[in-house]
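As a plain string of letters, each chain reads:
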Amino acid sequence: MTPPRNSNAARDIANVLHPYTDAKAFQQTGPLVITRGKGVKIYDEQGKEYIEALAGLWCASLGFDNERLVQAATNQMRKLPFYHSFTSKSHEPMIDLAEMLIERAPSPMSKVFFGNSGSEANDSALKMVWYMNNAIGKPKKKKVFARIKAYHGITLAAASLTGLPANHKLFDAPIANGRFIHVGTPHHYHEAKPGESEEDFATRLAEELEAKIIAEGGAEECAAFWAEPVMGAGGVIVPPKTYFEKVQAVLKKYDMLFVVDEVICGFGRTGSYWGSQTFNIQPDILVCAKALSSSYLPISAVMVNEAVFQGIAEGSSAVGTWGHGFTYSGHPVSAAVAIETLKIYDETKLVDHAAEVGAHMQAELRKRFADHPIVGEVRGVGLIGAIELSADKAAKKPFDPAKKAGPRLCKLGEENGVILRAMANDSMGFSPPLVITKDEVTEMLSRVEKSLDALAVELRRESIA
Ligand code: PMP
C-alpha cells in the first residue's frame with residue numbers, strides 16, 4: 001500500500017537511508033514510525049502499543065520515560081552544554097563518570113577513554129593495542145582474534161573484528177592486512193560434535209585457538225582476543241561451561257590482552273553488574289556503551305588496566321601526544337546522563353532486579369517454547385535470551401531462508417503488540433529493558449507465543465500446499 005502523500009511514511013521513504021534495512025524493499029514496505037514511549041512500551045503514530053522485547057537495540061535499560069535522566073540532561077545543558085577533552089581540557093561530569101566506572105569495574109582498571117558508540121569504542125581499543133605495542137618495542141605484535149558471529153560494530157576496524165557475513169561481504173571487510181583472525185563460535189547446540197559435553201567442547205575451542213595463535217606467530221605476533229561475554233547480534237550465544245577459563249589461560253600463555261566487549265552485557269543484562277562477572281573473566285580492556293546511559297544520549301567507554309595505560313603513556317611521550325579522540329569524547333551532557341543512570345542502578349538495586357526477573361524470563365522461555373514444534377533451541381542468561389526456530393528439531397535444521405520465518409514472526413509480533421528481532425538462523429532475541437517486571441515478561445511472552453503459534457500454522461499450511 002502506498003502511504004498518503006506528505007505522511008511521515010512517505011517522507012521517510014523519500015529521504016532516509018535506514019541502517020540494517022533492505023533499502024530496495026523498504027521503498028515498498030516503509031517504516032514503523034514510533035512517536036512516544038512509556039516504561040517498557042512504545043507507541044506508533046496510530047497510538048498502537050508495543051512491548052519492546054529488545055529495549056530498542058539491547059540498550060534502553062531504564063525503559064522509555066525516565067524523568068531523572070531528562071532532568072540530568074536539562075541541568076547539564078543549562079550549566080555547560082558542551083566542552084571537549086582534547087589538549088588537557090576537562091569538566092566535572094567526565095571526571096565523575098570515569099571515577100564511577102573504575103570503582104565499578106570487574107577487574108582493576110586504570111583509566112577511561114570516552115567515545116560515542118560501541119563501534120568507536122572498539123576501534124579505539126584496537127588502536128590502543130597497536131599503539132602501545134609500537135610504543136613498547138613490540139611492533140610485530142599486532143594480530144587480533146575474534147569469533148565467527150561476533151558483533152563489535154561497523155566502523156571499519158570494528159567491522160573487521162565483527163564476524164558476520166552481512167558486515168563483511170560487500171564492504172571489503174575485514175581490512176586485508178592479515179591482522180584479523182576469526183576463530184570458532186562457542187555455540188554448543190550447532191558446533192559441538194555428537195555426544196561432546198560442554199566442557200569437552202570448550203576444551204576443543206581453546207585448543208583450536210591455541211593452534212591458530214601458534215600458526216600466526218605466537219606471542220611475538222598475536223596481540224589480543226576480543227569477546228562479548230554472551231554473543232548478542234550473532235544470535236544470543238551463551239558460551240559452554242569452562243570456555244572463558246580455558247580461553248583466558250591460553251591468552252595468558254601467549255601474553256595476549258583480553259578485550260571484553262560489554263556493550264550489551266554490561267550493567268546488569270546477564271544478572272551480574274558485568275558479563276565478565278557472570279563468566280569469571282578478568283578483562284585487560286573493557287568496552288561498554290548502550291546501558292551506560294540507558295541510551296538516552298550517545299556515550300561509550302573503554303577502560304584500560306595499568307599495563308595498557310603505561311604503554312599508551314610511553315607512546316605519547318615518544319611522539320608528544322596520544323593522537324586519538326573524538327570531538328564528543330566525554331561529552332558533558334551524555335556524561336551527566338550516564339552518571340545519573342549509574343546512580344539509578346545503585347539506588348534501585350537494578351542488577352538484583354534484573355537477576356530475579358531474568359530467572360523468571362529464562363524459566364518462562366523454556367516452559368513455553370522448549371517443546372514448541374518449530375523451536376530448536378531456547379537459550380540465554382539473565383535478561384538476555386533467544387529462541388531459535390527450526391524446520392526439523394531432531395536434525396537441528398533451520399528453515400529455508402526463503403521462507404523468511406524470523407522476519408514473518410517479527411511482523412506477527414507487531415500485530416500482536418511486541419517488537420521482536422530476527423537474527424541469523426531465525427534466532428529471535430529477547431533483551432527487554434532491565435526495569436521490566438515479571439508480569440510484563442509474562443505478557444511479552446504471551447504475545448510472542450500467540451505470534452509463534454500463528455506462524456507455525458502458516459508454515460504447516462505452506463508445506464502441505
Ligand atoms: N559491540 C556489541 C557487543 C554490540 O552489540 C554493538 C551494537 N549492537 C556494538 C559493539 C556496536 O555499537 P554501536 O552500534 O553503538 O556502534
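Predicted model only: the values in this text are computed from it and were never measured.

Parameters at a glance
- Residues numbered from 1 in each chain as written.
- Predicted model: local features only at pLDDT ≥ 70, side-chain atom pairs only at ≥ 80, totals over all residues.
- Domains from an automatic or database assignment.
- Contact = placed C-beta atoms within 7 Å.
- Helix = DSSP H or I, 4+ residues; strand = E, 2+ residues; numbered from the N terminus.
- Pairing = 2+ DSSP bridges.
- Axes fitted to C-alpha atoms, helices over the stretch in contact; angles between N-to-C directions.
- Near = placed C-beta within 6 Å.
- Nonpolar A, V, L, I, M, F, W, Y, C, P; charged D, E, K, R; others polar.
- Buried ≥ 20, exposed ≤ 12 C-beta atoms within 10 Å, placed from the backbone.
- Arc of directions from axis to C-beta.
- Expected span 1.5 Å × (residues − 1).
- Core = buried A, V, L, I, M, F, W, Y, C linked by C-beta atoms within 7 Å.
- Parallel < 35°, antiparallel > 145°, perpendicular 65-115°, else oblique.
- Left-handed = near helix turned anticlockwise from the far one by under 90°.

> Can you tell me about the domain arrangement of the protein, naming the residues and giving the values?
A common way to express how large an interface is: the accessible area buried when the components associate. As far as domains go, the protein holds domain 1 (32-65 + 352-464) and domain 2 (68-347). On a C-alpha basis, the centroid separation for the pair domain 1 and domain 2 is 27 Å. Listed per partner, the contact involves 26 residues of domain 1 and 23 residues of domain 2. Put simply, the parts of the chain that give the side of domain 1 that touches domain 2 at least two residues each are helix 3 (55-59), helix 16 (350-369), strand 11 (375-381), strand 12 (384-389) and strand 15 (427-430). In terms of residue count, the dominant contributor to the side of domain 1 that touches domain 2 is strand 11 (4 residues).

> With reference to specific residues and values, describe the sheet that holds strand 3 (residues 49-52).
An order of 1-2-3-13 is seen for the 4 strands of this open sheet, with the pairing classed as mixed. Looking at strand neighbours, the two that pair on one side only are strand 1 (34-38) and strand 13 (418-419), the edges of this open sheet. As paired strands, strand 3 and strand 13 are joined by 2 bridges and run parallel to one another. Along strand 13, the bridge assignment pairs isoleucine 51 with valine 418. Packing against the sheet, helix 18 (residues 438-464) makes contact with strand 3 and strand 13, and its axis sits at approximately 110° to strand 3.

> Now, about the site of the ligand: what can you tell me, with residues and values included?
Lining the immediate environment of the ligand, one finds 15 residues, of which Ser117, Gly118, Ser119, Gly153 and Val263 sit closest. The leading source of residues in the shell around the ligand is helix 6 (residues 118-135), at 3 residues. Per-class residue counts for the shell around the ligand are 6 nonpolar, 7 polar and 2 charged.

> Explain helix 17 (residues 405-415) residue by residue, including any values.
All of the buried residues in helix 17 are Ala405, Gly406, Leu409, Leu412 and Gly413. Projected down its long axis, helix 17 carries its buried residues within an arc of 120°, all on one side. Lining the buried residues of helix 17 we find strand 12, strand 13, strand 14 (421-423), strand 15 and helix 18. Of the residues flanking the end of helix 17, it is glycine 417, one or two places downstream, whose phi is positive at about 85°.

> Would you mind going over the sheet that holds strand 12 in detail, with residue names and values included?
In a beta sheet, neighbouring strands pair by backbone hydrogen bonds and run either parallel or antiparallel. Overall, antiparallel pairing links the 4 strands, which are arranged 11-12-15-14 in an open sheet. Of all strands in the sheet, those bounded by a partner on one side alone are strand 11 and strand 14. With direction set aside, neighbouring strand axes in the sheet form an average angle of 25°. Looking at chain direction, strand 12 and strand 15 are connected through 4 bridges and run antiparallel. From the neighbouring strand, glutamate 388 faces strand 15, where its bridge partner is serine 427. Together, strand 11, strand 12 and strand 15 form the strand contacts of helix 16, whose direction differs from that of strand 11 by roughly 175°. Packing of helix 17 onto the sheet brings it into contact with strand 12, strand 14 and strand 15, and relative to strand 14 it is tilted by some 175°.

> Account for helix 10 (residues 198-215), with residues named and values stated.
The periodicity of an α-helix, 3.6 residues per turn, causes residues three or four positions apart to be oriented the same way. Under the 1.5 Å per step criterion, the end-to-end length of helix 10 is 26 Å for 18 residues, consistent within 8% with the ideal 26 Å. Listed as buried for helix 10 are Phe201, Ala202, Leu205, Ala206, Leu209 and Ile213. Take helix 10 and look down its axis: the buried residues cluster within an arc of 135°, on one side only. Exposed residues lying more than 90 degrees from the buried face of helix 10 are Glu207, Ala211, Ile214 and Ala215. In this fold, the buried residues of helix 10 make contact with strand 5 (143-147), strand 6 (180-183), helix 9 (188-191), helix 11 (218-221), strand 7 (222-227) and helix 12 (243-253). At the C-terminal side of helix 10, glycine 217 shows a positive phi close to 105°.

> Quick one: what's the story with the environment of alanine 227, residue by residue and with numbers?
Residue position: alanine 227 is located in strand 7. For alanine 227, a count of 28 C-beta atoms within 10 Å gives the class buried. Taking C-alpha positions, alanine 227 is 39 Å from lysine 79, a pair spaced 148 residues apart along the chain. In contact with alanine 227, other than residues within four places in its own chain, are Arg147, Val260 and Asp261.

> I'd like a rundown of the nonpolar core, residues and numbers included.
Ranked by internal contacts, the top residues of the largest apolar core, which has 137 residues, are Val144, Phe225, Trp226, Val259 and Ile285. Apart from the residues lying within four places of it in its own chain, the contact partners of tryptophan 226 are Val144, Phe145, Ala146, Ala150, His152, Leu161, Val259 and Asp261.

> Requested: an account of the environment of tyrosine 131, with residues and values cited.
For tyrosine 131, the position within the fold is in helix 6. In the structure, tyrosine 131 is positioned 128 residues away from proline 3 in sequence and 52 Å away in space, judged by C-alpha atoms. Not counting residues up to four positions away in its chain, the partners in contact with tyrosine 131 are Ile312 and Gly315.

> So what about the packing of helix 10 against helix 12? Which residues, and what values?
In contact at an axis separation of 9 Å, helix 10 and helix 12 are set at 20° when each is read in the N-to-C sense. Here helix 10 lies roughly parallel to helix 12, going by the angle between them. Here the hand of the crossing between helix 10 and helix 12 comes out right-handed. Together, Ala202, Thr203, Leu205, Ala206, Leu209, Glu210 and Ile213 of helix 10 and Tyr243, Lys246, Val247 and Val250 of helix 12 make up the contact between the two elements. A per-class count over the contact of helix 10 with helix 12 returns 8 nonpolar, 1 polar and 2 charged.

> Explain the environment of leucine 62 residue by residue, including any values.
Among the secondary structure elements, leucine 62 is positioned in the loop between helix 3 and helix 4 (67-79). On the basis of neighbour count, leucine 62 is assigned to the buried category, with 25 C-beta atoms found within 10 Å. In this structure, the C-alpha to C-alpha distance between leucine 62 and isoleucine 344, residues 282 residues apart in sequence, is 8.9 Å. With sequence-adjacent residues up to four places away left out, leucine 62 is seen in contact with Leu69, Ser294, Thr341, Ile344, Pro433 and Val435.

> Please set out the packing of helix 5 (residues 92-104) against helix 15 (residues 332-347) residue by residue, giving values where relevant.
One way to put it is that helix 5 packs onto helix 15 with a least axis distance of 8 Å and a crossing angle of 40°. Between helix 5 and helix 15, the angle is such that the two are oblique. The two elements helix 5 and helix 15 meet at a crossing, and its hand is left-handed. Taken together, the residues of helix 15 that come into contact with helix 5 (itself represented by Pro93, Met94, Asp96, Leu97 and Met100) are Pro332, Ala335, Ala336, Ala338, Ile339 and Leu342. Taken together, the residues that form the contact of helix 5 with helix 15 break down as 10 nonpolar, no polar and 1 charged.

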